[in-house]
Amino acid sequence: MFTTLARPQVWDVPIDLEAAIAALKRELNAVILAHYYQESGIQDIADYIGDSLGLSRQAASTEAEVIVFAGVHFMAETAKILNPTKQVLLPDLEAGCSLADSCPPAAFAAFKAAHRDHLVISYINCTAEIKALSDIICTSANAVDIVRQIPADQPIIFAPDQNLGRYVIAQTGREMVLWQGSCIVHETFSERKLIELKVQHPHAEIIAHPECEAAILSHADFVGSTTALLKYAQASAAPALIVATESGILHQMQKQVPQKTYIPAPPTGPCACNECPYMRLNTLEKLYWAMKHRQPEITLPEATRRAALKPIQRMLAMSR
Ligand code: 13P
Ligand code: SF4
């Protein structure tokens, strides 16, 4: 999908990786931004850990010269759209996203042309080309709030996540035309196994990310973005939480609220499918390597960047 830099070999990385990364951070005047779905070692050395909205806000306000983005491609791309003069590094350029891949720009342009009077609201999990075709970007943290701000008579296309789109429709009562994309990780959870787990742990609450299918969300005591799920873990009185999202978030939950028990919601098959295969491509070694060689770097055609910037700025202005 993307061009890749040679991978670091064991003999290329220092023994004290954390210290070497800290030294490079000072040398480059860099900031390390990480998503909650990153492996624990990366979360532990990051300057900021957050959900997509928090990470966009950090990217928009940072004064660092280099942004090291420990997340997936669309997140690093968003940082670059907001910071054209800064260098944005992604430890592994192959770290894509099934949702972003599920919305090819040519097909989406044709879909948009078939709904000419519609406003296009796109989930941030999409490519810069899709952002450039959109009127407003949203994240899982602000999608409901943004849709509520649109006049009632304005028809809306919501892309690319059909599950988040259906959740927003259920919350707002607004009809929207949905692009049929989805996330392979959030579609992996088994409703039957979730119910069995709840029977085994009757005092546990179920919390879920809105990228999950409606059947999973229907059992949830709370639905929210990764940051909202973490805040819920801090606030809830329940002794245990069954967590239906990528399992990386459990690291922060265990760190911040260690007295609770966290149970990952079970995938359908006997796999670790609740780990995002794209997010987990990044490693501490690759992060060090990217900082040392100042690549892989995110670059974008200026016309696409400018067009993609407008709907992101609208989102930031519309978000509380
Ligand atoms: P949030 O960061 O908005 O919680 O979304 C999760 C996700 O899937 C990111 O790719
Ligand atoms: Fe994309 Fe899903 Fe991975 Fe998030 S968890 S980056 S939506 S594939």
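Residues numbered from 1 in each chain as written. Chains lettered and ligands numbered in written order. Predicted model: local features only at pLDDT ≥ 70, side-chain atom pairs only at ≥ 80, totals over all residues. Heavy atoms only, no water.

*Asks:* Mind showing me how you'd approach the overall build of the chain here?
*Replies:* Each helix and strand in the chain was counted, giving 15 helices and 12 strands. Principal-axis analysis of the C-alpha atoms gives the chain an extent of 50 × 50 × 35 Å. If you take every contact in the chain between residues at least 6 apart in sequence, the share linking residues at least 24 apart comes to 65%. Roughly 13,300 Å² of accessible area belongs to the chain as shown, and the carbon and sulfur atoms make up 53% of that amount. The chain carries 27 positive and 33 negative side-chain charges, and their two centres are separated by 5 Å. (Helix = DSSP H or I, 4+ residues; strand = E, 2+ residues; numbered from the N terminus. Contact = heavy atoms within 4.5 Å. Areas by Shrake-Rupley, 256 points an atom, 1.4 Å probe, with all protein chains shown as cover. Lys, Arg positive; Asp, Glu negative; His and termini not counted. Charge placed at Lys NZ, Arg CZ, Asp CG, Glu CD.)

*Asks:* Which parts of the structure should I look at to understand the packing of aromatic side chains?
*Replies:* Geometrically, a pair of aromatic rings is defined through the distance of the ring centres and the angle of the planes. Counted by the stated rule, this structure contains four aromatic pairs. Both rings, one in Phe222 and one in Tyr232, keep their centres 4.5 Å apart while their planes meet at 10°; by these two values the pair is stacked. One end of the pair, Phe222, is in strand E10 (residues 222–223); the other, Tyr232, is in helix H12 (residues 226–235), and 10 residues separate them in sequence. When its relative accessible area of 23% is taken as the criterion, Phe222 is described as partly exposed. Grouping aromatic residues by their ring pairs yields a cluster made of Phe108, Phe111 and Trp179. (Phe/Tyr/Trp six-rings, centres within 6.5 Å; stacked < 30°, edge-to-face > 60°. Buried < 20%, exposed > 50% of the residue type's maximum accessible area, 1.4 Å probe, protein only.)

*Asks:* Just checking my understanding: could you explain the environment of Glu297 for this structure?
*Replies:* Mapped onto the fold, Glu297 is located in the loop between helix H14 (284–293) and helix H15 (302–318). Residue classification places Glu297 among the partly exposed residues on the basis of a relative accessible area of 34%. Sequence separation of Glu297 and Val68 is 229 residues, and the distance between their C-alpha atoms is 9.3 Å. A polar contact is formed between the side chain of Glu297 and the side chain of Gln87, at a distance of 3.3 Å. (Polar contact = N/O pair within 3.5 Å; in protein donor to acceptor, adjacent residues only side chain to side chain.)

*Asks:* Explanation requested: the pairing of strand E7 (residues 156–159) in the structure shown.
*Replies:* Taken residue by residue, a regular strand's side chains alternate between the two faces of the sheet. Residue alternation in E7 divides its side chains into two sets, Ile156 and Phe158 and Ile157 and Ala159, and both sets are buried. Sheet analysis places strand E5 (residues 119–123) next to E7, joined by four bridges and oriented parallel. Its bridge partner lying in E7, Ile121 is registered against Phe158. Across two bridges, the pairing between E7 and strand E8 (residues 177–178) is parallel. Across the sheet, residue Phe158 finds its bridge partner in E8, namely Leu178. Remark: the E7/helix H9 (residues 162–172)/E8 crossover connection has right-handed handedness. (Pairing = 2+ DSSP bridges. Right-handed = clockwise from strand over helix to strand, strands pointing away.)

*Asks:* Can you help me understand the side chain of Lys80 in this one?
*Replies:* On the secondary structure map, Lys80 appears in helix H4 (residues 73–82). Comment: no salt bridge for buried Lys80; closest opposite-charge side chain is Glu297, at 4.5 Å. Among all residues touching Lys80, those that are not within four sequence positions of it are Lys86, Val88, Glu297, Ile298, Leu300 and Arg305. (Salt bridge = Lys/Arg side-chain N within 4 Å of Asp/Glu carboxyl O.)

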